[in-house]
Amino acid sequence: PYLLLRNNFCYIQIRMGKKLVIGSSGQIGVELIEQLAKDFGANQIIAADIKSVLKGKNSAVEYVTLDILDKEKLLKIIKEHNISEVYLLAAMLSAIAEKNIQLAWDLNMKGLLNILDLAKEKYIEKIFWPSSIAVFGPTSPKLNTPQSTLLEPNTVYGISKMSGERWCEYYFLKFGVDVRSLRYPGILSYKSPPGGGTTDYAIEIFHAAINHGFYDSFISEEVTLPMVYMEDAIRATTEIMQADRKNLSINSSYNLAAISFNPEEIANEIKLIFPEFKITYSPDFRNKIALSWPSTIDDSFARKDWGWKHDFDLKKTIIEMVNGIKNSGFN
């Protein structure tokens, strides 16, 4: 279907297509689907995942099984469901990617190129693709990391995200593909289990505090990392997708910031709720990854270009996480 809008000179035909969320069972996908269904109606959302059986899925949203590397089936789904927007969330995260190098590269890169190519061929009108603070490496500034700086990531995940950013900008400048992206920091949520990322300690610690009163952190106590509560991350995603394209000055991926903390700081806040809680430290290979990432992020471009502003500080985030885990029964 199409919508006719009149401007000062003529009628403009705008395609009214559905939104496809790929990687819908992941940490972000589960909650993004809920928000998009609220904003646009469940019948306007198609959820896709390589898993055929999903727990806790929205029964009002149609689900399809899809391997993002299967370009032929991807195109078939886009045509059959009249898709105009794609949210490509399918990816292999940092810690798991280090153990599955080739598979991680194929999934993270070829999946993106499949979507970009279909947009170039006009099958898709708008794309959201998440990047990450993993694009920064040991040589990047650690404090108030700027939007444009030296990018020398030393992880498979970071290399793929840095490469993806360059492809996104290339397809925009060369072919006019409307692709929008955020460099997500670590994301805190109680609605889905950790997905194999280096920042997952900040989710695990809440489950451990509630269920066991003890947590052994794989990140050392002094390593500060940028984080964002899921509700803020979802809102940032929907806001950038609804922003006027002419106001967006970044064609690769926007820095996104909210809160920053280290394991000791979050443990001390948790102790205010659970005084008997104890934490120990056993840093592993993920600690080395964390040490290569920024501690704080400068996201002034996002705040200026499309009005980004986070709502959840550390104390508010902790309250939401504790109450959410307790009330959801997801322990």
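Residues numbered from 1 in each chain as written. Predicted model: local features only at pLDDT ≥ 70, side-chain atom pairs only at ≥ 80, totals over all residues. Heavy atoms only, no water.

**Observations concerning the overall build of the chain**
Then comes step 1: A tally of helices and strands in the chain yields 11 helices and 16 strands.
Then comes step 2: At 20 Å, the chain has a C-alpha radius of gyration in line with the 20 Å of a compact globule built from 331 residues.
Then comes step 3: Dimensions of the chain, computed from the C-alpha atoms along their principal axes, are close to 65 × 45 × 40 Å.
Then comes step 4: Taking all 331 residues of the chain together, 53% fall into the buried category.
Then comes step 5: Here the chain has roughly 14900 Å² of accessible surface; of this, 53% comes from carbon and sulfur atoms.
Then comes step 6: Side chains of the chain carry 37 positive and 39 negative charges; the gap between the two charge centres is 5 Å. (Helix = DSSP H or I, 4+ residues; strand = E, 2+ residues; numbered from the N terminus. Rg over C-alpha atoms; globule rule 2.2 N^0.38 Å. Buried < 20%, exposed > 50% of the residue type's maximum accessible area, 1.4 Å probe, protein only. Areas by Shrake-Rupley, 256 points an atom, 1.4 Å probe, with all protein chains shown as cover. Lys, Arg positive; Asp, Glu negative; His and termini not counted. Charge placed at Lys NZ, Arg CZ, Asp CG, Glu CD.)

**Side note on the pairing of strand 12 (residues 214-217)**
Looking along a regular strand, one sees side chains alternate from face to face of the sheet.
Then comes step 1: With burial as the criterion, only one face of strand 12 is covered, namely that bearing Y215 and S217; the residues F214 and D216 on the opposite face remain uncovered.
Then comes step 2: Where strand 12 and strand 16 (residues 278-281) come together, 4 bridges link them in parallel fashion. Directly across from F214, in strand 16, lies its bridge partner K278. (Pairing = 2+ DSSP bridges.)

**Structural notes on the nonpolar core**
Then comes step 1: Counting residues in hydrophobic clusters, the biggest one holds 72 residues, and the most contacted among them are L20 and I22.
Then comes step 2: Of the residues forming this core, the biggest block, 8 residues, is contributed by helix 4 (residues 101-120).
Then comes step 3: Not counting residues up to four positions away in its chain, the partners in contact with I22 are A48, L66, I68, L74, V86, Y87, L88, L89, A90 and I115.
Then comes step 4: In terms of nonpolar packing, the next biggest core, distinct from the first, is built from 32 residues, I28, I33, I45 and I250 among them. (Core = buried A, V, L, I, M, F, W, Y, C linked by side-chain atoms within 4.5 Å. Contact = heavy atoms within 4.5 Å.)

Interpretation note: all reported values are geometric properties and have no functional meaning in isolation.
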